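# Close look at the chain arrangement
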Amino acid sequence: MRTKKQEGLMLEQAFKDDLRTILDGNKIEACLQCGTCTASCPVSYLMDYGPRKLVALCRNGMLEEVLRSNTPWMCVSCYLCTTRCPAGIRITDLLYEIKRLAKKSGINQPTNGYEVLSEKFIEQVEKYGRVNEMRLTMSLILKNLSRMFDTVPLGLKLLRKGRISLTSIIKSESIKNIKDLTQISERIKLRGSG
Amino acid sequence: MQKPYDISTRAIMKHLGADLVELEDWNCCGATFYHSVDELQALVLSARNLALAERMGNNLLTICNACYTNLLKTNMYLKKNANLNKTVNEILEKIGLSYHGSVKVRHILEVLVNDVGEQSIKEKVISPLKDFKVAPYYGCQIVRPFHIFDDPEFPTSMDRLISWIGATAVSYPLKTKCCGGMLSFLNKEACLGLIKDLLQSAVKSGAECIATCCPLCQTNLEMFQEDVNKKYNIQLSIPIVPFTQLIGLAFGLSPDEIGLKAMLVPLKKKIT
Amino acid sequence: MKEKIGVYVCHCGKNIAETVDVEEVTKFASGLPGVKIARHYIYMCSEPGQELIKKDIKEHGLTRVVVAACSPTMHEPTFRRACADGGLNPYLCHMVNIREHVSWVTEDKELATEKAMDLIAAAVNRVIYNEPIQTKKLPIVPAVLVVGGGIAGITTALNVAEAGIKVYLVEKTPSIGGRMAQLDKTFPTLDCASCILTPKMVEVAKHPNIQILAYSEIEEVSGYVGNFKVKIRKKPRYVDESKCTGCGTCAEKCPVRVPNEFDMGLSSRKAIYIPFPQAVPRKYTIDAEHCLYFQKGVCRVCEKFCDRKAIDFNQKPEIIEVEVGAIVIATGYDIFDASKIPRYGYGRFDNVFTSLEFERILNASGPTNGKIVLKDGRTPSSIAIIHCVGSRDENYNKYCSRVCCMYSLKFAHMIKERIPDAKVYEFYIDMRAFGKGYEEFYKRVMEEGVEIIRGKVAEVTDIPLTPEEEGKLIVVAEDTLLGVVRRVPVDMVILSVGLVPRKDAPEIARMFNLSIGNDGFFIEKHPKLAPVATATSGIFIAGCCQGPKDIPDTVAQAEAAAAEAIDLISKGYVETEPYVSIVDPERCSGCRICISLCPYGAISFNKDKEIVQINDALCKGCGTCASACPSGAIKQLYFTDKQILSEIAGLLAVKKEKPPESIVVSKPS
């Protein structure tokens, strides 16, 4: 059994290693803490820390706070912070990395349903190779993420306009070489454990 | 759900004499989700599409901002990181593919503005959208993080394109502000605020419609207009259309050819 | 062997000795062929260190000296002088760089020690073939060219002229004065910029030793230290300077209005104009690009009204050739183009101004007569000042522009003085108030009630989210000390734009053979010890062309450049480059390939003897001719084939069991 401290250290090492491999990851060391990112973020008001403080926490080695933060899970990937950052930090990519690490660490993140959406989306890709909005929405309704009642009027309207069809939910057409994607997943899982 | 964008793109490209070939057996690039789970898998998914295109000997055209960013990102990462390139190709090899980095990734907007160009488009315009004011909405990922063909915050490509078809692009400073992206699935309430700002600002600047160039932007702006009205107790009713539909109209294509009737808020009579 | 070589290994305190085993190296050196004595010492450049060399030359009859220490650019002159003092021709001394090339680039002591040994072995093998060479003394032209008529150029010109030396002051625009003339007050003392500048401008105009060449540009530079030849193109003013009294009737009558560049386009001037009331020389200039006569062939109103008949539409550019001994470049800076950051709204919103525009607004003779007003004439009740626009940003310029924090604070103070009720906000990342009296000024401004917010502005928008924001410019930034994103509605925004190199800096650099750094500014010879000299001897730099700086630093640097120029000229002579090429008349075939290749025009053909000859006053020792000569008739002193090949042979002589590649490759740090 590893102690909690040991696990913390291993995570820290994994984080450092990953930072080194993501593009310009080391630049967080040169963050000016100017706040351009947080002030540019369209959804920073939903975040506990916001990108600037999150970078500060990363630099200070306060990894547990980082991994428990809701900040990365709120990110909408609009990349405004990234293109504006005067220190050249790819903040959006850093947030992806934190999400990956949070998943790896098993530390509970306060989640806004991102997990479920992400899981359902990926499930669709792996099963069919493509994503059908109807199927995705249905699966979310089943997971209680979207309230059925709310979506009915819009759904009916879309049906009337011919923008969606009910058959696409039932008809499970996948790409020809769906086994390609299965293979890819397996290969990557194999690498991950090895 | 984004059939109108799809068919209008195909229709105008056909009308321009361009030869679009659908990438056979393409897969979803995973949008932003794979990046949050496994970077390598995200890259391999896009690399599969790139490899398929390379095998066909074609460049890759996309009409979606997120696909555009993912494909560009994959191309760049593979170019800059030799180890990664090797790993990705080892995985591709298992499914009988390989990728050598030769495919250029293009967005439909960029191709229309820079490759087809002003003259060719103007030549095809038979019913210019005179006196029609359009708010060009680019969304985020078409210019960020990679700003290859335009400014990362204040692009002008679509503005120009709109003027070529006889319409007027209104000054729309929110043109690359976020529509909420996939957050609309998770936190619709938060997104409604963003969408309201985008819609209201367009209406205020006198726009009679908002033109989009990304399926997700189109979805968020079009589908949630009613919710915005309800939440903020306002009465917005501005048509949201893929920009390719406007070009189709100017080219004199029929509403059916470009999927015009499927839009939730119909365009004004005077131009249709 | 008849040569007796002395080898001296320097510790440079710990700089070398910490990484290189100097004792081992010395032991190794003493065993090399021809080495009579080898020593190591803590500071070879010190007086006792040099004394060692001198003493050994006398006592041991040394005929060659090798010093293994720092870079030759640092101390080669020191050790050559020591040898000369000891009675040895200075060029029989050779330096080995075991600091920059060895100890500073690796932490591996073993490899460092080995590399030091190899380099010394090479030097010892080479120095045997060094030959005594002599330099010549050439007279110097007692005149100085100053390029740029801003506060730097003005200061240098006055200092040099006061020393009794002739100065040619070349200025591109119609008047001297530069950027400083555009400023209102200067921080932190709040003296009025023109009150302290214009007396100096007048002094320049009156000084018998200064010739102002305004509205002129450098065309071509040739020659070398002490003897530069400069061609200056005097652009036509279309006004005879000797007749113009500066009365201004012409401008009064001129019907054409043009944006006034001195007011950053915020006001207009006429097509015949002086840039500002205190212009020196006070001579009018016709702007041919906008003049009706030049553009459409009609008008000539100015000519009609000029009593002195000074208007001359037929004036042509004039080339003036001058000879000078030294050159000072003081070409100044441009300001960062704020429209490159569209999110700050410059060019999109009426009431977003750059700092230089705001200087003009503040100025009593500016576009608003010193009244702070919005474009529509209203008085603003709130103003935001945004720091670091285009500076400290990887997307634009990485460097700090050094003056923006202070002038921004000055703006806040001036606004508070003129509109006491106005709310003033400063958005900053780090407050850099480093100069004398600057921190005190910062405190003073804080106490005046200016709101100072730590956060880089994300954007300026005109899209309101609340009723209070209607009709305002909203400045969005995170107050990073509070951790809160703020939207501050204001009437006016001032962008504190950074300083950038002049657009034509690369052109100037090419003409004067200057180097340009990554930031685009000219590079000084040494960042600490030679801050105004450049890699080209006889050419100095001063002011913002070397990097952003405030007025006190600019003036200090300008005076330093003047001192350097005076120093050079008062010496009376320059020593020629010793490493000149020489021609072996026996082997020269007269093919003349070298003549076309020589960049300095130093080689000519002797028709009588049918061979080439080299003027060693002009030869810069670049070696091009020596390497190009097909018959091997040209050799460059100090870099003869024999010397270079011996050096290589010494380097490659294998004397250790390890394979050579592990010896010469140093580990990357």
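Since the model is a prediction, treat every value here as computed from it, not as a measurement. (Residues numbered from 1 in each chain as written. Chains lettered and ligands numbered in written order. Predicted model: local features only at pLDDT ≥ 70, side-chain atom pairs only at ≥ 80, totals over all residues. Heavy atoms only, no water.)

## Description of the interface of chain B and chain A
- At the junction of the two partners, chain B supplies 59 residues and chain A supplies 56 residues.
- Taken together, the two surfaces of chain B and chain A that pack against each other cover about 5500 Å², and 63% of this comes from carbon and sulfur.
- Scanning the region where chain B abuts chain A turns up six salt bridges.
- For K73 of chain B, the salt bridge is made with D93 of chain A, and the minimal N-O distance between the two is 2.8 Å.
- The tally of links from chain B across to chain A stands at 22 residue pairs in polar contact (both at pLDDT 80 or more). (Contact = heavy atoms within 4.5 Å. Buried area = accessible area lost by both parts, 1.4 Å probe. Salt bridge = Lys/Arg side-chain N within 4 Å of Asp/Glu carboxyl O. Polar contact = N/O pair within 3.5 Å; in protein donor to acceptor, adjacent residues only side chain to side chain.)

## A short note on the domain arrangement of chain A
- By the assigned domains, chain A splits into domain 1 (4-105) and domain 2 (114-193).
- Inter-centroid distance (C-alpha atoms) of domain 1 of chain A to domain 2 of chain A is 29 Å. (Domains from an automatic or database assignment.)

## Some points on the interface of chain C and chain A
- Residue-level contacts link 17 residues of chain C with 18 residues of chain A.
- Its largest share of buried area at the contact with chain A, chain C owes to E394, K456 and E478 of chain C, together 33% of the area lost on that side.
- At the surface where chain C touches chain A, the tally comes to eleven residue pairs in polar contact (both at pLDDT 80 or more).
- The element that contributes the greatest number of residues to the side of chain C that touches chain A is strand β25 (residues 473-479) of chain C, accounting for three residues.
- In the side of chain C that touches chain A, the residues fall into five nonpolar, four polar and eight charged. (Helix = DSSP H or I, 4+ residues; strand = E, 2+ residues; numbered from the N terminus. Nonpolar A, V, L, I, M, F, W, Y, C, P; charged D, E, K, R; others polar.)

## Examining the domain arrangement of chain B
Residue and element names in this part refer to chain B.
- Structurally, chain B comprises domain 1 (22-57 + 60-103) and domain 2 (118-261).
- Computed over C-alpha atoms, the centres of domain 1 and domain 2 are 28 Å apart.
- Between domain 1 and domain 2, the residue contacts involve eleven residues of the former and 14 residues of the latter.
- Interface of domain 1 and domain 2: buried area, both sides summed, is about 960 Å²; carbon and sulfur atoms make up 65% of it.
- Where domain 1 meets domain 2, there are zero salt bridges.
- Summed over the shared surface of domain 1 and domain 2, the number is three residue pairs in polar contact (both at pLDDT 80 or more).
- No other element matches the seven residues that helix α4 (residues 65-80) contributes to the side of domain 1 that touches domain 2.
- When grouped by side-chain class, the residues that make up the side of domain 1 that touches domain 2 number seven nonpolar, three polar and one charged.

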